[in-house]
Amino acid sequence: MQIQLLAVGNRMPDWVNQGWNEYARRMPAHCALKLTEIAPGRRTKSSDINTIIREEGERIINAIPRDCHVIALEVGGKQWSTLELSKQMEDWQHSGRNTILLVGGPDGLSQDCVARANQKWSLSKLTLPHPLVRVVLAEQLYRAWSVLTGHPYHRE
């Protein structure tokens, strides 16, 4: 199984790339993390935000491979504890399909992206900056994998 993050945004600060790469490197080949950046819409004072969100959503949907399990990261989604996330990851592995995580731009995901998702996941009730979300996701996925494999990284 591969876990792919489709995230709106590019040209991330070095600390974001280093954080993502550190946890992606730790994942085994049978549960690899992959990042695909989606070009953000150009935002100006006169931009129509709804049009930008729709266009970003179209780019995201076009990047979703066939026959995969899609999870939209949404404020209104289900919050999982570490153990619940590890159970989710186990279910994803048993499905035999790759898992795709969707992260929208600064104004969120389009309704088409949310509708395409099989699940909705909320990392927190807090508003997190999108660069930080990448690092938190990678770390939490590594932590969930460590729970599944009995690796000592997670202590509970």
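Residues numbered from 1 in each chain as written. Predicted model: local features only at pLDDT ≥ 70, side-chain atom pairs only at ≥ 80, totals over all residues. Heavy atoms only, no water.

Within the largest apolar cluster, 25 residues are counted, with the highest numbers of intra-cluster contacts made by Met 89 and Leu 101. In terms of residues, this core owes the most to one element, helix H5 (residues 130-149), which gives 7 residues. In this view, Leu 101 contacts Ile 3, Gln 4, Leu 5, Leu 6, Ile 71, Leu 73, Trp 121, Leu 137 and Leu 141; residues no more than four positions away in its chain are not counted. One finds Ala 72, Ile 100, Leu 109 and Cys 113 within the second-largest nonpolar core, a separate group that totals 14 residues. (Core = buried A, V, L, I, M, F, W, Y, C linked by side-chain atoms within 4.5 Å. Buried < 20%, exposed > 50% of the residue type's maximum accessible area, 1.4 Å probe, protein only. Helix = DSSP H or I, 4+ residues; strand = E, 2+ residues; numbered from the N terminus. Contact = heavy atoms within 4.5 Å.)

Before going further, it helps to spend a moment on helix H3 (residues 82-95). Taking 1.5 Å of rise per residue, 14 residues should cover 20 Å, and H3 covers 20 Å from first to last C-alpha, within 8% of that figure. By the burial criterion, the buried members of H3 are Thr 82, Leu 85, Ser 86, Gln 88, Met 89 and Trp 92. One face of H3 carries all of its buried residues, which in axial projection span an arc of 160°. A positive backbone phi angle near 80° is found at Gly 96, which sits one or two residues after H3. (Expected span 1.5 Å × (residues − 1). Arc of directions from axis to C-beta.)

Moving on, we come to the pattern of salt bridges. Once the charged atoms of two side chains with opposite charge are near each other, the side chains can pair. Under the definition given, this model contains 9 salt bridges. Notably, a salt bridge pairs Glu 37 with Arg 134, separated by 2.7 Å at the nearest N-O pair. Of the two residues, Glu 37 is situated in strand S2 (residues 32-38) and Arg 134 in helix H5; the sequence distance between them amounts to 97 residues. Its relative accessible area of 3% is what places Arg 134 among the buried residues. With a closest N to O distance of 2.8 Å, Arg 43 and Asp 107 form a salt bridge. Placement of Arg 43 in the loop between S2 and helix H2 (49-63) and of Asp 107 in the loop between strand S4 (98-103) and helix H4 (111-116) is noted, with a sequence separation of 64 residues between them. Salt bridges sharing common partners tie together Glu 22, Arg 25 and Arg 26. (Salt bridge = Lys/Arg side-chain N within 4 Å of Asp/Glu carboxyl O.)

Moving on to the sheet that holds strand S1 (residues 2-8). Strand order across the open sheet formed by 5 strands is S2-S1-S4-S3-S5, with parallel pairing between neighbours. Each edge of the open sheet carries a strand with a single partner, namely S2 and strand S5 (119-121). In this sheet, neighbouring strand axes are inclined to one another by 30° on average, regardless of whether the strands run parallel or antiparallel. Note: strand S3 (residues 68-78) against S4, 5 bridges, orientation parallel. Counterpart to Ile 71 in the pairing with S4 is Leu 101. Contacting S1 and S2, helix H1 (residues 14-26) runs over the sheet at an angle of about 150° to S2. (Pairing = 2+ DSSP bridges. Axes fitted to C-alpha atoms, helices over the stretch in contact; angles between N-to-C directions.)

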